[in-house]
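Summary of structural features
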Amino acid sequence: MAAMRYRLTFVAGVALGYVLGTRAGRERYEKLKKSARELAQNPAVRNTVESATQQGRDVAGKAFHTVSEKVGDRVPDSVADRVRSLRERGQGGAEDDWGTSNT
């Protein structure tokens with residue numbers, strides 16, 4: 001009988017802990033989600049991301065030229081065409097796949 005009472009108390013404690021934990025966990029999750037959204041919408045963060053994206057494209061273009069000079073005609077046309085199209089898309093004010101400008 002005492003063992004049954006212990007088990008019942010244990011199960012009740014686990015159930016109560018689960019309910020309270022999920023409630024607190026959901027609130028914390030929502031708070032983190034809101035903070036992440038605010039951070040992503042911050043103009044300074046967006047400008048930094050766009051700047052880093054453009055610098056990455058510039059470095060990739062320079063690397064392509066360096067490699068193509070050393071490799072010559074051994075670069076498959078499909079690769080050269082893809083890189084060329086990516087570089088052209090990076091020029092001007094077009095938007096990339098994430099909806100940010102390439103400036």
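Preceding block: the structure.
Everything quoted here is computed from the prediction, not taken from an experiment.

**Some points on the pattern of salt bridges**
- Tallied over the full model, the rule gives 2 salt bridges.
- One salt bridge connects lysine 33 with glutamate 30, and the closest N-O pair in it is separated by 4.0 Å. Taken together, the positions of lysine 33 and glutamate 30, both in helix H1 (residues 2–41) and 3 residues apart, correspond to about one turn of that helix.
- One salt bridge connects arginine 84 with aspartate 81, and the closest N-O pair in it is separated by 2.9 Å. With arginine 84 and aspartate 81 both in helix H3 (residues 77–90) and 3 residues apart, this pair spans about one turn of that helix.
- Judged by its relative accessible area of 43%, arginine 84 falls in the partly exposed class.

**Here's the deal with helix H2 (residues 43–71)**
- Its 29 residues give H2 an end-to-end C-alpha distance of 41 Å, which sits within 8% of 42 Å, the value for a rise of 1.5 Å per residue.
- When we look at burial in H2, the residues that qualify are Glu50, Gln54 and Gly61.

Calculation rules
- Residues numbered from 1 in each chain as written.
- Predicted model: local features only at pLDDT ≥ 70, side-chain atom pairs only at ≥ 80, totals over all residues.
- Heavy atoms only, no water.
- Salt bridge = Lys/Arg side-chain N within 4 Å of Asp/Glu carboxyl O.
- Helix = DSSP H or I, 4+ residues; strand = E, 2+ residues; numbered from the N terminus.
- Buried < 20%, exposed > 50% of the residue type's maximum accessible area, 1.4 Å probe, protein only.
- Expected span 1.5 Å × (residues − 1).

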